[in-house]
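# Reading the structure
Residue strings, one per chain:
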Amino acid sequence: MHTRACLLLSLVGILVLLNGIHGAWTEEPGSLILGCGLGEGGAKDVDGRQWSPDDKFLEAQGDAITSKASYQDPSVLSEVPYMSARVFTSEATYKFPVLPDKRYWLRLHFYPSLYGSLNPSDSYFSVTANGVTLLSNFSASITCEALSQAYIDREYSLAPLNTDSLTLTFKPSDKYKGAFAFINGIQLIPMPELFDSGALVGYADQTVDVKSLNLQTMFRLNVGGQYISPTQDSGLTRMWYDDTPYLYGAATGVTNQAEKDVQINYQTMPRYVAPADVYSTSRSMGNDKDINMGFNLTWIFQIDPNSMYLTRLHFCDYYSSKVNEIVFNIYVNNQTAEAQADVIGWTGGKGVPTYKDYVVYVQDVEGDEQLWLALHPAPDTMPEFYDAILNGVEIFKINDTNLSGPNPQPSDMFLRHQGDGMGFQNPRAYDKNAVIGGAAGGAAGFALMAAICVAVYHKKKRAPGSDTHTSWLPIYLNSHTNGSKSTSSGKSIANGNLSVMAQGLCRYFSLQEIKHATKNFDESNVIGVGGFGKVYKGVIDNGTKVAIKRSNPQSEQGVNEFQTEIEMLSKLRHKHLVSLIGFCEEDDEMCLVYDYMALGTFREHLYKGNKPLSTLSWKQRPVLNPNLPKEQVSLADWALICKQKGTLEDIIDPHIKGKINPESLKKFVDTAEKCLSDSGLDRPSMNDLLWNLEFALNLQENVDGSTHSSRVEESEFEEISLRDKDIAAHYKNLSLGSEHELSQDSSENPTAIFSQLVNPTGR
C-alpha cells in the first residue's frame, strides 16, 4: 500500500511538473503583469490571465493620467491590456522590485489610439530601464502604420541588474510640441539564463559573452512549422511564428514533421530552451542532389544597422541517425558562420535537439538593413545526402546600454497613393463614428454542387493593423527600394512597396532582374496576352523557369489590381495552383512573377486535348452553357434559383444524390450564395470562405452533425472559432489554417482538402 501511494504521488508530481512546463500562463514567482490604467482589482484578459493595476509602482508620476482608448480595432481581441492606458505629458518613473542576480523578460505593450483629446500621432517618447535605452524618439503610431498593425509589443531580456530595483522611465520628446508618452501594459517576468556566449562570425575562434548584455527580441520563428502561442511555449510565454514570409527566392525547400513515434529527447538540455513543437518540425532543401547544389536555402530579416545581433539556430534531426548523413554550411550575412555542420555529429542521436549561437555586427552603410541567413550542402565530406536542415530561428539585438532603433518609414509609393486617395490602406482614423472596414481580402465563389470553382475576389478597405496579430516582430521583409528620411528619427528604413503584407509574403525583383530574365522583354518570349498585359517566359536564379506578367500602361487594371493580386496570391498556396513567386514595381513598370506551367494550363487540359478528359474526376459540366434553357445557362444563377424554389436536389449530380448531409449542403449553399453577392462588402473574406468550407466538410464527415471545431458563432456570416484565440487571430491575420487542419495531412483527413490552400508546403 505504501509503495502504491508513493507511486501515485510520483505520478502526480510528474503531472504537476509537465503542467508547469506546458500549462497556460505559468508565471515565475515575483512576476509582475500590469495593466496600465486599470482600476483597483485589475482585470483578466481573454485567456484568463490576471493583470494587476500599475499605480502602486509609479514613483514619480509627473502629469500622469489614466485614459480609455476611444476605439477597439478588430484585431485587438482582448480589452486587457490594450484598451486602458497610462498617459504621461512629462517624465514619469516606475520602480519595480527585482532580484539582483536574475535575468528578466520585460515586455511593453502599446496600442496607439485616441486617448481623450490626445492624438497618437503626437506621441514621441523614450523609455529607459536602469539607464539602458530601450526606445528613443519612439512613435507607436508611425510604427504601427508602417507595419500595418493595430498594436505593437516590445520584448527585452534584461541582464542581471545587481540591484534590488528596476527603474523604468518614460520621457516625452522635447523635439515635438505637445508630445506625450503612453503605455498599455507591462510584463516583468524572471527568466532562466538562456544566454551564454556566441561565436563571432567572421573572426575565427572568437566569441562574444552575452551573459552581461541586454537583448531585444527581433524575430522568433518555428521553421517549417506553424505559430506557437504563449500558452504552448515551454514555460516562458514566448510566441513563435511561421518562417514562410522570410524565405528568399522561389526555392524554399520542403517542410518536414517528425513521426508520431519519434520522441524529442532533450537529454541534458533544458526543456525551456524551445518547445518540442519547434524541434518536431523543420525545413530542408529536398531530395534532389543536383537541385540542392544549385541554390542556398535562404531567409532575410529586416534589422537596424550599426548593431550587433545574436542569431540562435535550433536543430533536431529526427530522420537521420548516423554522422555524415547530412552535412551543410551555415552563412550569416554572406560570411561562414559554421562549416560542415552535422546535427547528428553535434547531438549524437536521432531526435536529440540542440542550438547554436552566432553573433554578427551589421554596419551602418547603405543596403545593410538586412540580415541574411543561408544554408548550403557541404560536399567536402561526401555526405550520404546533399541537404541542409533547420528547425528554429531566434534573432536578438544585443547591447549593454542602448537597444533603441529608428521608427520604420512607410514607402514613398505607400505615401504617394495614400495622399492621392488611392492608398492601399486608409490612414488610421480616430473618429469614434468612423466606419472601419471589416475583414480583409475578397472572396472566392464556389459553384454549387458541381464542384466547379468560380473564383471571385474583391479588395475591401480595412483598418490598418487588422492584418496582423503580431507582438514584437518587425515587418516581414523589405523591398529593395530606397525610403526617404524618417521625420521621426532621422534615419531611413525602407519599408518596401505596396502593403507590408504584400511585400512580406513574396519576393521583390528589381527591374534589372526582370529584364535579364526576359532578355529585355524579347517578343519571342511572349507566351500569352491578357487584360493586364503580356506574359513572358523567363529564367531566374539558377535556371528556374518562370512566367512574368508585365503590366500594359494602357490597361484598365492599375496599381490597386496589382496590389490585390499580390496580396491574394501570395497567401494562396496549393500544389494544384500556380504560385506567385514575386513582383517588381520600379520606374512605372509593374510585373508579377509566377511558376512556369511547363505542362500547360488547366483550361488547355480541359478543352484542348492535352490530356484525356476521362482521367479527370470532375463531371463534364461547364459553368456557362448557352445550349441549355435560359435559366440554366449560368450554373451559379441556376443554383440560386433552385435554392429559392427549394429544389436544390434537382441539380445535384446523380452519383452523389442522397449522400449529402442536409446540414452540410445548407452550409455549402449559404457560403456560395454569400460569394455571389453583388456588393463586395457583403462577400466573405478568403479566410471566412475557407473556414466555412471546412465546416461544411466536417458536417459531411460527421454524420451526427458534430464538428472538430469547438464552437460555432452565428453572425451575418458564420465563422468557425478556434479553442485558442491567440492561434485563431494569428491564423486569421496570416491566412493560415486552423489548429486542427494544420495538424493533419491531406492524405489522412478529408478536412485537409481546403487546408492545402492555406498551409503551404514544399513543392
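Relevant structure appears above.
The notes below deal with the structure included here. (Residues numbered from 1 in each chain as written. Predicted model: local features only at pLDDT ≥ 70, side-chain atom pairs only at ≥ 80, totals over all residues. Heavy atoms only, no water.)

## Thoughts on the overall build of the chain
A count of helices and strands for the chain gives 17 helices and 38 strands. Looking at the 763 residues of the chain, the share that counts as buried comes to 55%. Of the contacts formed within the chain by residues at least 6 apart in sequence, a portion of 73% connects residues at least 24 apart. Looking at the chain as shown, the accessible area adds up to about 33,900 Å², and 50% of this sits on carbon and sulfur atoms. (Helix = DSSP H or I, 4+ residues; strand = E, 2+ residues; numbered from the N terminus. Buried < 20%, exposed > 50% of the residue type's maximum accessible area, 1.4 Å probe, protein only. Contact = heavy atoms within 4.5 Å. Areas by Shrake-Rupley, 256 points an atom, 1.4 Å probe, with all protein chains shown as cover.)

## Notes on the pairing of strand β15 (residues 197-200)
Where β15 meets strand β16 (residues 207-209), three bridges bridge the pair, whose relative direction is antiparallel. Its bridge partner lying in β16, Ala-199 is registered against Thr-207. In textbook terms, the turn of a hairpin is the stretch between consecutive antiparallel strands, and for β15 and β16 this stretch comprises six residues, one of which, Gly-202, has a positive phi near 95°. (Pairing = 2+ DSSP bridges.)

## Comments concerning unusual backbone geometry
In this chain, Val-80 is followed by Pro-81 through a cis amide linkage whose omega measures 5°. Inspection of the secondary structure assignment puts Pro-81 in helix α2 (residues 79-82). The residue Asn-162 is not glycine, and still its phi comes out positive at about 55°. With respect to the helices and strands, the residue Asn-162 is situated in the loop between β11 (152-158) and β12 (165-172).

## Side note on the packing of helix α13 (residues 662-675) against helix α14 (residues 686-701)
Direction vectors running N to C along α13 and α14 enclose 165°, while the axes themselves pass 8 Å from each other. Between α13 and α14, the interaxial angle falls into the category roughly antiparallel. Helix-helix and strand crossings are classified by hand; for α13 and α14 the assignment is left-handed. Residue-level inspection shows Glu-663, Ser-664, Lys-667, Phe-668, Thr-671 and Cys-675 of α13 in contact with α14, the latter providing Leu-689, Asn-692, Leu-693, Phe-695, Ala-696, Leu-699 and Gln-700. Across the contact of α13 with α14, the residue classes break down as seven nonpolar, four polar and two charged. (Axes fitted to C-alpha atoms, helices over the stretch in contact; angles between N-to-C directions. Parallel < 35°, antiparallel > 145°, perpendicular 65-115°, else oblique. Left-handed = near helix turned anticlockwise from the far one by under 90°. Nonpolar A, V, L, I, M, F, W, Y, C, P; charged D, E, K, R; others polar.)

## Some thoughts on helix α12 (residues 635-645)
Restricting attention to buried positions, one finds in α12 the residues Leu-635, Ala-636, Trp-638, Ala-639 and Cys-642. Viewed end-on, α12 has its buried residues packed into an arc of 160°, placing them on one side of the element. Away from its buried face, by an angle of more than 90 degrees, α12 presents the exposed residues Gln-644 and Lys-645. Note on α12: the residue one or two positions beyond its end, Gly-646, has a positive phi of about 75°. (Arc of directions from axis to C-beta.)

## A closer look at the side chain of Ser-280
Within the secondary structure layout, Ser-280 lies in the loop between α4 (276-279) and β20 (281-284). The class for Ser-280 is buried, based on a relative accessible area of 18%. Those residues in contact with Ser-280 that sit more than four places away from it in its chain are Asn-256, Gln-257, Ala-258, Ile-264 and Tyr-318.

## A closer look at the pattern of salt bridges
Tallying each qualifying case throughout the model produces 16 salt bridges. For the salt bridge of Arg-312 with Asp-357, the shortest nitrogen-to-oxygen distance reads 2.8 Å. Residue Arg-312 is found in strand β22 (residues 307-315), and its partner Asp-357 is found in strand β25 (residues 354-362); the two are separated by 45 residues along the sequence. On the basis of relative accessibility, which here comes to 1%, the residue Arg-312 falls in the buried class. Between Glu-513 and Arg-507 there is a salt bridge; the shortest N-O distance is 3.4 Å. A relative accessible area of 30% places Glu-513 in the partly exposed class. Residues participating in the shared-partner salt-bridge network are Arg-107, Glu-155, Arg-220 and Glu-394. (Salt bridge = Lys/Arg side-chain N within 4 Å of Asp/Glu carboxyl O.)

## So, the sheet that holds strand β26 (residues 370-377)
Strand order across the open sheet formed by four strands is β21-β26-β23-β24, with antiparallel pairing between neighbours. The strands lining the two open edges of the sheet, one partner per strand, are β21 (297-302) and β24 (335-341). Each strand of the sheet is rotated relative to its neighbour by a mean of 10°, with strand direction disregarded. Pairing analysis gives four bridges linking strand β23 (residues 328-332) to β24, with the strands arranged antiparallel.

## Focus on the nonpolar core
It is characteristic of soluble globular proteins that their nonpolar side chains tend to be buried jointly. Core analysis: the largest hydrophobic core is formed by 49 residues, its most contacted members being Tyr-94, Phe-96, Leu-108, Phe-110, Leu-134, Leu-168 and Ile-186. With residues near it in sequence (within four places) discarded, Leu-134 still touches Leu-106, Leu-108, Val-127, Thr-128, Ala-129, Tyr-156, Leu-158, Leu-168, Leu-403 and Ser-404. Core analysis: the next-biggest nonpolar cluster, separate from the first, contains 37 residues, Met-239, Leu-247, Ile-303 and Val-332 among them. (Core = buried A, V, L, I, M, F, W, Y, C linked by side-chain atoms within 4.5 Å.)

## Things to note about the environment of Lys-175
By the element assignment, Lys-175 lies in the loop between β12 and β13 (181-183). Overall, the relative accessible area of 66% leaves Lys-175 in the exposed class.

## Observations concerning the sheet that holds β13
Taken together, the three strands give an open sheet; going across it, the order is β5-β6-β13, and neighbouring strands pair in antiparallel fashion. Bordering the open sheet on either side are β5 (64-68) and β13, each of which pairs with just one other strand. Shown here is a sheet whose adjacent strand axes are inclined to one another by a mean of 30°, direction ignored. Taken together, the three bridges between strand β6 (residues 84-88) and β13 define a ladder with antiparallel strand orientation. Pairing of Val-87 across the sheet is with Phe-182, part of β13.

## Section: the environment of Ile-330
Structurally, Ile-330 can be placed in strand β23. In sequence terms Ile-330 and His-376 are 46 residues apart; their C-alpha atoms lie 6.9 Å from each other.

## Brief notes about the environment of Gln-206
Relative to the helices and strands, Gln-206 is located in the loop between β15 and β16. Gln-206 gets classed as partly exposed once you look at its relative accessible area, which sits at 42%. Here the alpha-carbon distance between Gln-206 and Val-359, two residues 153 residues apart in the chain, equals 10.0 Å. Beyond its immediate sequence surroundings of up to four residues, Gln-206 is in contact with Gly-198, Ala-199 and Leu-200.

## With respect to the pairing of strand β33 (residues 534-540)
Inspection of the sheet shows strand β32 (residues 526-529) paired to β33 by three bridges, in the antiparallel sense. Across the sheet, the residue bridging to Val-529 is Lys-534, located in β33. Both β33 and strand β34 (residues 544-550) contribute to a ladder of six bridges, which runs antiparallel. Each residue of the ladder has a partner; that of Val-539, found in β34, is Lys-545.

## A look at the state of the cysteines
The final tally for this structure, using the stated rule, is zero disulfides. With no disulfide of its own, Cys-591 has Cys-584 as its nearest cysteine by sulfur position, at a separation of 5.2 Å. Residue classification places Cys-591 among the buried residues on the basis of a relative accessible area of 0%. (Disulfide = S-S within 2.5 Å.)

## What about the side chain of Ser-173?
One can find Ser-173 in the loop between β12 and β13. Judged by relative accessible area, Ser-173 falls into the buried class, the value being 14%. A polar contact is formed between the side chain of Ser-173 and the backbone nitrogen of Lys-175, at a distance of 3.0 Å. For Ser-173, the residues in contact, after removing those within four places along its chain, are Tyr-124, Phe-125, Asn-137 and Ala-179. (Polar contact = N/O pair within 3.5 Å; in protein donor to acceptor, adjacent residues only side chain to side chain.)

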